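# Geometric and topological summary
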Amino acid sequence: MNRYGDDWQAASVNRGTGPFLNVIFRPGSFRVYLSILLLGLTFARCVTDTEMLRTSVDSREQSEIRVSLVGRYVSGIYKQGAAEIVAYEPVLQRAYVVNSAHSVVDVLDLSRPAEPKLLFSLNAADIGTIANSVAVKNGIVAIAVAATEKSAPGFVVFFDKEGQRRAVVQVGSLPDAVTFSPDGKFAMVANEGEPNDDYSIDPEGTVSIIDLSGGVENLAQQHVRTVDFKSLNGQESALRAKGVRIFGPNASAAQDFEPEWIEVSADSKKAFVCLQENNAIAVIDVLSAKVETVWPLGFKDWSNDGRWSGSGFDASDLDGGRHLRQWPVRGIFQPDTIRLVEANGEQYLLGANEGDGRAWGWTEEARVAELKLDQTAFPDAGELQKPENLGRLIVTTTLGIANDVDASQPDVDVKATAVYNSLYTFGGRSLAIWRVRPDSLELVYDTGSQMEETIAELTPHFFNSDGPTIDTGETRSPAKGPEPEGMAVGQIDGRTYAFVGLERVGGIMVYDVTTPSQTRFVQYINTRAKLVGAATESELTNSDIAPEGLCFVPGSQSPDSQGRPLLLVGNEVSGTTSIYVIESVVVRSQP
């Protein structure tokens, strides 16, 4: 049964004596106990339109962490990707920030975290058009750079920590995320292989493994091995039956797979590669450079029968408010960033479930109101397709087809010919955690509707917004909601925390994932300016809009004078790099 009527209510409220407001969320099987400091206390307070929002929540009496903004580097470049992926070098206490606007990586001095300063930039503009990613290990900086034509092979450029270029090697098409193996012997890059703008060229997605064991100064092209997915060509039907999405026009598995992110096991033997559009994880043996398997991630049931549906989600920007409801819809998890953690001797993959639809001349995206719904599966189709209900929701046309129509063919008029008996929307609007099994992934936790519930309760003026000001409306409600994208994981006081950036609404969600199946929400902090109406560029670039890349700095490597851990965040739209300090505190809940 739907808990929500015409007026949105996110929680039941208990008011007791003392300075806390205890808010209890009960989204399905998910339960979070929130304690919000009021009035003059730091956690929650009244703010003016230009003040930063710092909203924190907590549960019971125990040692806990609190994240707060301590410094910000302002590039002054708005909406050009001037701050995206962030990496950290502990010896010189420097941050390396991808500045795609100039195809450089900005090097920031963080020796005083409250006053970050630009030292210089690592320039790769002579190699390609866009710097996509950066990683640092043992004083070596690796930058992934796309070719001038994105479907052509890209490059990885290596610098030393002083900024001297040491090597350049060619890799696959559209190198995206670059990382080092924990032992430092390999650099690996996910080559996304996106199609060109009219889908006339669809290069293969690959992973490049770069052998650094001989030293970066001796690195040559012969030290690069490319892992492709050709061995899976011809198995497309079997993979689809397992739940792996392969759906590009006339695409083979090798063409359709688009590696987005790489995590490497602690022993440096296995690489877990996120295939975002395909809603799957590929497992690669690093030493042999071979694909071992591809595992589907499954789908999130948003109906009232769904284990992780919670209170549902807001599906419309025309429903007159913030209405979280359960719907007959499945979410395609499609994480952007994944992180690998170990707990109790087992491996777990954490996914920031952004969602991503393809729209390259040919598109898989449509609104529910534009589709023909099967009357048996959807007897209330007319009501569902109203704009205030599901009509505005963006779904894929490639799943849930009841009749014999191939929606992947560009010449097929899907809206006129296909009939749908199920609906699949992009992303999970959540953090999900999968246990790594010998032959599969097992979903052990999902945050349900908690992200949207928390934002609606604590920062309602930003709810599902898309834009720099608070008067843009709920434009993201039909399109992936808060859109979790970037993520960092770190250990503090013996506990493991995940920090998830919300690309659209902004802010960071913090979770205690020490016991993955019992993940607990800790804090939401949003440091974008509470701007109303037309904003000046100065206001926009002195805020934190659209967190993209997150980097955790442990206390043992932190430049903070008190040895506190840091969280570094690159904000793509505002072009700012925000520096957060993480404090250990004792929180006492209301008796």
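Sequence order as written defines the numbering, with residues in each chain counted from 1. Given that the model is predicted, a residue must reach a pLDDT of at least 70 before its local features are reported, and side-chain atom pairs must reach 80 or more before they are shown or counted; all residues, however, enter totals for whole chains, interfaces and linings. Based on all heavy atoms of the structure, the side-chain values leave hydrogens and waters out of the count.

### Points about the overall build of the chain
- Secondary structure summary: the chain contains 6 helices and 40 strands in total.
- In what follows, a contact means two residues having at least one pair of non-hydrogen atoms within 4.5 Å. The contacts in the chain between residues at least 6 apart in sequence include a share of 57% that link residues at least 24 apart.
- For the area figures, the Shrake-Rupley method with a 1.4 Å probe applies, and any residue is considered shielded solely by the protein chains shown. Split by element, the accessible area of the chain, about 21,900 Å² in all, is 46% carbon and sulfur. Elements are defined by DSSP. Helices are runs of H or I of four residues or more, strands are runs of E of two residues or more, and each kind is numbered from the N terminus.

### Thoughts on the sheet that holds strand β35 (residues 495–502)
- Taken together, 4 strands build an open sheet; the order of strands is β34-β35-β36-β37 and the sheet is antiparallel. In this open sheet, the two edge strands, each paired with only one partner strand, are β34 (484–492) and β37 (520–525). Taking each pair of neighbouring strands and ignoring which way they run, the sheet shows an average axis angle of 20°.
- Each pair of strands is called paired provided DSSP finds at least two bridges between the two strands. Two strands pair when backbone bridges link them, and β35 and strand β36 (residues 508–512) are joined in this way by 5 bridges, in the antiparallel orientation. Looking at β36, one finds that phenylalanine 499 is bridged to valine 510. Each axis is a line fitted through C-alpha atoms, taken for helices only over the stretch in contact, and angles between the N-to-C directions span 0 to 180 degrees.

### Brief notes about the confidence of the model for the chain
- Per-residue confidence from the predictor is given as pLDDT, running between 0 and 100. When the pLDDT values of the chain are averaged, the result is 89; 88% of them are 70 or greater.
- This model gives residues 1–61 a pLDDT under 50, and the stretch forms 168 contacts once residues within four places in sequence are excluded.

### Thoughts on the packing of aromatic side chains
- Note on ring pairs: Phe, Tyr and Trp rings are taken, using the six-membered ring of Trp, and paired if centres are within 6.5 Å. Classes follow the plane angle, with under 30 degrees stacked, over 60 edge-to-face and the rest tilted. Within the structure shown, the criterion is met by 9 aromatic pairs.
- Ring geometry for tyrosine 199 and tryptophan 362: centres 5.8 Å apart, planes at 90°, overall edge-to-face. You can see tyrosine 199 sitting in the loop between β14 (186–191) and β15 (206–211) and its partner tryptophan 362 sitting in strand β26 (residues 362–363), a full 163 residues away along the chain.
- For tryptophan 362, a relative accessible area of 10% gives the class buried.
- Measuring from ring centre to ring centre gives 5.2 Å for phenylalanine 333 and tryptophan 434, while their planes differ by 85°; the resulting arrangement is edge-to-face. Relative accessibility decides the category of a residue: with a 1.4 Å probe and only protein chains considered, values under 20% of the type maximum give buried, values over 50% give exposed, and everything between is partly exposed.

### Concerning the pairing of strand β20 (residues 290–296)
- Bridge count between strand β19 (residues 280–285) and β20: 6 bridges; the pairing is antiparallel. Across the sheet, valine 283 pairs through a bridge with threonine 293, a residue of β20.
- Hairpin connection of β19 to β20: 4 residues between the antiparallel strands, including alanine 289 at a positive phi of 55°.

### Comments concerning the side chain of threonine 425
- Structurally, threonine 425 can be placed in strand β31 (residues 424–426).
- Judged by relative accessible area, which is 3%, threonine 425 ranks as buried.
- Setting aside chain neighbours within four positions, we find threonine 425 in contact with Val329, Arg330, Gly331, Ile332, Leu393, Ile394 and Val395.

### Considering the sheet that holds strand β10 (residues 140–146)
- One open sheet accounts for 4 strands, arranged β9-β10-β11-β12; its pairing is antiparallel. Of all the strands in the sheet, the pair left with one neighbour each is β9 (130–137) and β12 (165–173). Each strand axis lies, on average, 20° off the axis of its neighbour in the sheet, ignoring direction.
- As paired elements, β10 and strand β11 (residues 153–160) share 6 bridges and run antiparallel to each other. Bridge pairing in β11 places isoleucine 140 opposite aspartate 160.

### Section: unusual backbone geometry
- Even without being a glycine, glutamine 93 presents a positive backbone phi close to 55°.
- With respect to the helices, strands and loops of the structure, glutamine 93 is situated in the loop between β5 (86–89) and β6 (94–99).
- Even without being a glycine, lysine 480 presents a positive backbone phi close to 75°.
- Along the chain, lysine 480 falls in the loop between α5 (450–458) and β34.

### Looking at the pairing of β34
- Most of β34 is tucked away, with 7 of its 9 residues classed as buried.
- Relative to β35, β34 runs antiparallel, the two sharing 7 bridges. For proline 484, the partnering residue across the bridge sits in β35 and is leucine 502.
- Hairpin connection between β34 and β35: a loop of 2 residues separates the two successive antiparallel strands, and aspartate 493 in this loop has a positive phi of roughly 50°.

### Focus: the pattern of salt bridges
- Any Lys or Arg side-chain nitrogen located within 4 Å of an Asp or Glu carboxyl oxygen qualifies as a salt bridge. All chains considered together, the criterion is met by 33 salt bridges.
- The salt bridge partner of aspartate 285 is lysine 270, with a shortest N-O separation of 3.7 Å. With a gap of 15 residues between them, aspartate 285 in strand β19 and lysine 270 in strand β18 (residues 270–275) connect regions that are remote in the sequence.
- Accessibility expressed as a relative area gives 18% for aspartate 285, which makes it buried.
- The exposure class of lysine 270 is partly exposed, given its relative accessible area of 26%.
- Here glutamate 292 and lysine 270 are joined by a salt bridge, their closest N and O atoms 2.3 Å apart. Residue glutamate 292 is found in strand β20, and its partner lysine 270 is found in strand β18; the two are separated by 22 residues along the sequence.
- Several salt bridges share partner residues, and in doing so they unite Asp466, Arg476, Lys480, Glu483 and Arg504 into one network.

### Here's the deal with the side chain of threonine 519
- Along the chain, threonine 519 turns up in the loop between β36 and β37.
- Of the residues examined, threonine 519 reaches a relative accessible area of 7% and is grouped as buried.

### Remarks on α5
- Burial of α5 is extensive: 8 of the 9 residues sit out of reach of the surface.
- Among the residues of α5, those classed as buried are Gln450, Met451, Glu452, Glu453, Thr454, Ile455, Ala456 and Leu458.

### Brief notes about the environment of glycine 355
- Topologically, glycine 355 is positioned in the loop between β24 (346–352) and β25 (359–360).
- Note on glycine 355: relative accessible area 0%, which makes it buried.
- The spacing of glycine 355 and glutamate 485 is 130 residues in sequence and 8.6 Å in space, taken between C-alpha atoms.
- Discounting residues that sit within four places of it in the chain, glycine 355 has contacts with Gln276, Phe333, Gln334, Phe426, Gly427 and Lys480.

### Focus on the environment of glutamine 347
- Position of glutamine 347 among the secondary structure elements: in strand β24.
- The spatial distance from the C-alpha of glutamine 347 to the C-alpha of arginine 437 is 8.2 Å, given a sequence separation of 90 residues.
- Every residue in contact with glutamine 347, bar those within four places of it in the chain, is listed here: Ser265, Phe272, Leu340, Val341, Glu342, Trp434, Arg435 and Val436.

### Digging into the environment of serine 449
- Structurally, serine 449 can be placed in the loop between β33 (441–446) and α5.
- Accessibility expressed as a relative area gives 1% for serine 449, which makes it buried.
- Put simply, serine 449 and glycine 310 are 139 residues apart on the chain and 5.1 Å apart in space, counted from C-alpha to C-alpha.
- Throughout this description, a polar contact denotes any pair of N or O atoms lying within 3.5 Å of each other; where both atoms belong to protein, one of them has to be capable of donating a hydrogen while the other can accept it, and for residues adjacent in sequence the pair is counted only when both atoms sit in side chains. Here serine 311 takes part through its backbone nitrogen, which lies 2.9 Å from a polar atom of the side chain of serine 449.
- A polar side-chain atom of serine 449 sits 2.8 Å from a polar atom in the side chain of glutamate 453.

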